[in-house]
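Observations on the model geometry
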Amino acid sequence: MAAALQNQVWDILVVGGGNAALCAAITAAEAGAKVLILESAPKTYRGGNSRHTRNFRCMHRGPLSVLTDSYDEDEYFDDLMRVTKGKTDEPMARMAIRQSEDCLPWMEAHGVRFQPSLSGTLSLSRTNAFFLGGGKALVNAYYNTAADLGVTVAYDAEVTHVHIEGDRFTHVDVRIAGEMQKIQGRAIVLASGGFQSDLEWLTRAWGPAAANFLIRGTPYNRGVVLRDMLDQGAESVGDPTQCHAVAIDGRAPKYDGGIVTRLDCVPFSVVVNRDAERFYDEGEDVWPKRYAIWGRLVAAQPDQVGYAIIDSKSIDLFMPSVFPPIKADTIEDLGRQMGLDGAKLAQTVGAFNAACQPGTFHPTELDGVATNGLTPAKTNWARPINQPPFYGYQLRPGVTFTYLGLKIDSHAQVHTAQGPLANVFAAGEIMAGSILGQGYLAGFGMTIGTVFGRIAGAEAAKHVN
Amino acid sequence: MSTDLIQEARRQTEICNACRYCEGFCSVFPALTRQKAFADGDISHLANLCHNCRGCYYSCQYTEPHEFALNFPAALAEVRQDSWERLAWPQPLARRFHENGVALGLIAALAFALVFALIQMLQPASGEGFYAYVAHNALVALFVPAFLLPLVAVGVSLRRYWQETGGTRLRWRNVLGGFRAAANMKNLNGGQGQGCNFENDDRYSDTRRWMHQAVMYGFLLCFAATSSGTVLHYVFDMQAPYGFFSLPKLLGIPGGILLTIGTIGLAWLKTKADPKLGAVRVWGGEMGFILLLGATGASGLALYAATGTAAVPMLLAIHLGCVLAFFLLLPYSKMVHGFYRLAALIIEDQKQNAKA
Ligand SMILES: Cc1cc2nc3c(=O)[nH]c(=O)nc-3n(C[C@H](O)[C@H](O)[C@H](O)COP(=O)(O)OP(=O)(O)OC[C@H]3O[C@@H](n4cnc5c(N)ncnc54)[C@H](O)[C@@H]3O)c2cc1C
Ligand code: SF4
Ligand code: SF4
């Protein structure tokens, strides 16, 4: 196999094996190109972070497949502006939004199946189309479609260097099953994700605290190709020091814990740090709008850890957690079991309880049930924590992705200061910084990967034909 | 032993409940999202709702080597299998035959020998068709208890299952709901008609559903053929043999053909599917059962084709031997899944309506 890969010039090399890579490979193969996918993960872990996803955000002018009602370009764009606080390349963003409508039928035609929005996520039934079986099923469908189109896939194949001569790519250095090889191609699509799994890089960017972060997705996105391209003068976008992080269960695995490690209990909790002190308003807004800031909040606490405490009144108000909570009959005991100063925790909870005011609790909307005279205040859902048994969850920052990426144009072409590279294209997380300068809009990562994967595949094929 | 299996299935169920990506595949997932904590009986219920399509294995991001080590189809298959053996009476018989295709074959051979001996010894002085070889009364004396006793055994097991899984009083509505789901094998379609991930890894295929339909309807037709023969015999005093345009033949021939094709199909699929996604220990027993069922259908057809030839006594003994073994093994073989599955669908209908 190794020799067979080396002894020919491929039309198109695709680096990466997630959503963006597969969309590019399929599109290019349908245009008649001979395509090789180089995926650094072994087959069992193929598909990068895409295999952890559940939906993509899709514009539509009327009911479309599983999507209800309509979701037009302006509303979609406004939603994006709200989360990125304007850090968006508007023409690129609008292009992605407009093309998302066309993606859904394309995805279906290439084997992806959709299902109505999952129980517990009704709020997304209009905007986000859910994949039947989740992202791994999507990835499987695409690999099968690609195989049917004659695309070759090399697993366990990490690209370490992309050779650029002048404004052209010539070949890559790639380690396949431990052996270095040179593979030539006439065009290349870079779709190898962000760098969040390179903890050293993360630590350099964010500070030493990053060593305690958990990585929610694949360990294979280490930014090797991104670094290599930046070193060769490729232009970058996105904040190099930032990553998207949410608060997840502290017992999650270091990598690849995925969706199940999320915790939705914060709005009904008192959240304290290592010193058993509160540090932020747990009830600031509804959870879907706040979960993404809690990663940073916890990251800023000593030892990058937080503890959410609830009582039996609230245990059934949120999606079940993957690990059972710590349980105790007294707050002191709960604190001790979690490695906190029990007496101090009881004091913090006591002060919180004393500051709670009467009001009508409503778990799914801002109910204004707030504390009085407490700093920081809890401004919604502030019910005293007083009904045993008590439950506790440890929280840690879980990194979803990094923002730094390659700058591309509307043809998905990668640029250097001298202008575009003639035969180098990028798609997916590796270029998402152009559109998502900060913040995150649920389901937009897969939209970006699908839209730009298809563009990159088509442009690369056009280049070689 | 079964507590370990249940505990492992519970562990995986809780992970699925936090994930829910597979919600659209089958009725197991909507059932599990109804609750947060799972008693042993809840796990048995989920296990009997699962039909091992494997959709949730191939689309799971947590299968090995991931440390969560999800293999939900296998975890549920183990619990399901265990529930059939644990609730069966007598238990040791169930374990033996479920696991062992050879033991199953042995029973079939014994049954064959018994019928054969019967034919030799009790050849009636007169009679037409089959009854020229074995007296009608002898057949009845053998088959009525062989049919009824296993049914009683299954009935006892189902009662215990009903209690374990929290089924309530039977109502027509729920029974209809259960039958409806079973009749079109709604859950075998993969949620959207794309089918299973059974014999072709992560590619969907509808073959298993079609083959299973052929077996189920083939079996029911054969059963109806026999029943109609009984009715003709006792109610209308019309004796076998029946001509081609008679109810027993019109039902029995297509039934036999469907049963034979379907079982060949299922056996072939089974050789292609990954055994590790099911209850590995009973692979042989399941295969033995499929082959027994297939042999029943095929020998019935052969018997009809051989009418009037010298092969009839032998074929008759084979066919009746298969039928006898099939009935006797009913509570202790894969056949029992039909009863449990129907019960699970009815109970699920009850639980859904209790919630609504
Ligand atoms: C837990 C979780 C849930 C998410 N849920 C959603 C969701 O529901 N909807 C949504 O839109 N987004 C979601 N996201 C974000 C989404 O995963 C990404 O935006 C999207 O998957 C990016 O696709 P991609 O193809 O660019 O990258 P990936 O899918 O990560 O693929 C990158 C690929 O590159 C390979 N690779 C890396 N380096 C190299 C190298 N040097 N050589 C060769 N190959 C290499 C990797 O192995 C991998 O296959 C989620 C993320 C996480 C972590
Ligand atoms: S089988 Fe895997 S992907 Fe499916 S619901 Fe369970 S954990 Fe999620
Ligand atoms: S194997 Fe099929 S039927 Fe069983 S739980 Fe998984 S998806 Fe449902």
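Residues numbered from 1 in each chain as written. Chains lettered and ligands numbered in written order. Predicted model: local features only at pLDDT ≥ 70, side-chain atom pairs only at ≥ 80, totals over all residues. Heavy atoms only, no water.

**So, the environment of Y255(A)**
Residues and elements named next belong to chain A. The cut-off we apply is this: Numbering of helices and strands runs from the N terminus; a helix is a DSSP stretch of H or I covering at least four residues, while a strand is a stretch of E covering at least two. Each residue is placed in one exposure class: buried if its accessible area under a 1.4 Å probe, protein chains only, is under 20% of its type's maximum, exposed if it is over 50%, and partly exposed if it falls in between. Contact between two residues is taken to exist if any of their heavy atoms lie within 4.5 Å; hydrogens are not considered.
Position of Y255 among the secondary structure elements: in the loop between strand 12 (243-249) and strand 13 (270-272). On the basis of relative accessible area, Y255 is assigned to the partly exposed category, the value being 25%. As a C-alpha pair, Y255 and F213 span 42 residues in sequence and 9.7 Å in three-dimensional space. Those residues in contact with Y255, other than ones at most four positions away along the chain, are S197, L199, I215, G217 and P219.

**Points about the sheet that holds strand 5 (residues 128-131) of chain A**
All names here are of chain A. Which entries qualify depends on this criterion: A pair of strands counts as paired when DSSP detects no fewer than two bridges linking them. Angles shown run from 0 to 180 degrees and are taken between the N-to-C directions of axes, each axis being a line fitted to C-alpha atoms and, for helices, limited to the stretch in contact.
Strands sit in the order 3-5-4 across an open sheet of 3 strands; the sheet is antiparallel. At either end of the open sheet lies a strand with only one pairing partner, and these are strand 3 (55-57) and strand 4 (114-115). Two strands pair when backbone bridges link them, and strand 4 and strand 5 are joined in this way by 2 bridges, in the antiparallel orientation. Bridge pairing in strand 5 places F114 opposite F131. The strands that helix 11 (residues 444-464) touches are strand 3 and strand 5; relative to strand 3, the one it contacts most, it runs at about 75 degrees.

**Quick word on the nonpolar core**
Stated formally: We call a set of buried residues a nonpolar core when its members are Ala, Val, Leu, Ile, Met, Phe, Trp, Tyr or Cys and they connect through side-chain atoms within 4.5 Å of each other.
Counting residues in each nonpolar core, the largest one holds 107 residues, and the members touching the most others are V260(A), V28(B), F29(B), F72(B) and F326(B). In contact with V260(A), not counting residues within four places along its chain, are V322(A), I15(B), A18(B), C19(B), Y62(B) and F68(B). Counting 102 residues, the second-largest nonpolar core is a separate cluster that includes L421(A), F444(A), A461(A) and V464(A).

**A short note on unusual backbone geometry**
Cis geometry marks the peptide bond from T375(A) to P376(A); its omega dihedral reads -15 degrees. Topologically, P376(A) is positioned in the loop between helix 10 (342-355) and strand 16 (390-402). Here W89(B) and P90(B) are connected by a cis peptide whose omega angle stands at -5 degrees. Looking at the secondary structure, you find P90(B) in the loop between helix 5 (72-86) and helix 6 (91-99). Positive phi, normally seen in glycine, also occurs at A276(A), with a value near 60 degrees.

**Thoughts on the site of ligand 3**
Test applied: By convention in these notes, a residue is near a molecule or strand provided one of its non-hydrogen atoms lies within 4 Å of it.
Inspection of the region around ligand 3 gives F25(B), C26(B), V28(B), F29(B), C50(B), H51(B), N52(B), C53(B), R54(B), C56(B), P73(B) and L76(B) as its neighbouring residues. Those elements that provide at least two residues to the shell around ligand 3 are helix 2 (28-32) and helix 5 of chain B.

**Focus: the domain arrangement of chain A**
All names here are of chain A. Note the cut-off: Domain limits in this description derive from either an automatic procedure or a database domain assignment. A 1.4 Å probe defines the accessible area here, and the buried area is the portion of it lost by two parts on being joined, summed over both. In the sections that follow, a salt bridge refers to a side-chain nitrogen of Lys or Arg positioned within 4 Å of a carboxyl oxygen of Asp or Glu. Three categories are distinguished: nonpolar for Ala, Val, Leu, Ile, Met, Phe, Trp, Tyr, Cys and Pro, charged for Asp, Glu, Lys and Arg, and polar for the others, with Gly belonging to the last.
Domain boundaries assigned for chain A yield domain 1 (2-237 + 403-464) and domain 2 (246-398). One C-alpha centre belongs to domain 1, the other to domain 2; they are set 35 Å apart. On the domain 2 side, the residues contacting the 18 residues of domain 1 number 20 residues. Between domain 1 and domain 2 lies a buried interface of about 1800 Å² when both sides are counted; carbon and sulfur atoms form 56% of it. Among the residues of domain 1 in contact with domain 2, N212, L214 and R216 are the three that bury the most area, contributing 42% of the side total. There are 1 salt bridge connecting domain 1 and domain 2. Note that R51 is salt-bridged to D256, the shortest N-O span being 3.3 Å. For the side of domain 1 that touches domain 2, the elements supplying multiple residues, two or more each, are helix 6 (199-206) and strand 10 (214-215). The class makeup of the residues in the side of domain 1 that touches domain 2 is 9 nonpolar, 6 polar and 3 charged.

**A word on the interface of chain B and chain A**
As a reminder of what qualifies: Definition of a polar contact: a pair of N or O atoms within 3.5 Å, with one able to donate and the other able to accept a hydrogen when the atoms are protein atoms, and with sequence-neighbouring residues admitted only if both atoms are side-chain atoms.
Contacts between chain B and chain A engage 29 residues on the former and 40 residues on the latter. There are 3 salt bridges connecting chain B and chain A. At the junction of chain B with chain A, the criterion picks out 20 residue pairs in polar contact (both at pLDDT 80 or more). The greatest single-element share of the side of chain B that touches chain A, amounting to 4 residues, is contributed by helix 1 (residues 2-19) of chain B. Tallied by class, the residues present in the side of chain B that touches chain A amount to 12 nonpolar, 10 polar and 7 charged.

**Concerning the site of ligand 2**
All names here are of chain B. The environment of ligand 2 is formed by I15, C16, C19, R20, Y21, C22, F29, C56, S59, C60, Q61 and Y62. In terms of residue count, helix 1 provides more of the shell around ligand 2 than any other element does, 3 residues in total. Its residues placed into classes, the shell around ligand 2 shows 9 nonpolar, 2 polar and 1 charged.

**Focus: the pattern of salt bridges**
Residue and element names in this part refer to chain A. Inspection of the entire model under this criterion finds 38 salt bridges over all chains. One salt bridge in this structure joins D79 and R82, with 3.1 Å as the shortest N-O distance. Placement of both D79 and R82 in helix 3 (residues 73-84) is noted, with a separation of 3 residues, approximately one turn of the helix. Taking relative accessible area as the criterion, R82 reaches 57% and is therefore assigned exposed. Measuring nitrogen to oxygen at the nearest pair gives 3.1 Å for the salt bridge that ties E158 to R175. Within this pair, whereas E158 is found in strand 7 (residues 157-165), its partner R175 is found in strand 8 (residues 168-176), the two being separated by 17 residues in sequence. For R175, a relative accessible area of 34% gives the class partly exposed. Salt bridges sharing partners connect three or more residues here, namely E73, D74, E90, R94 and R98.

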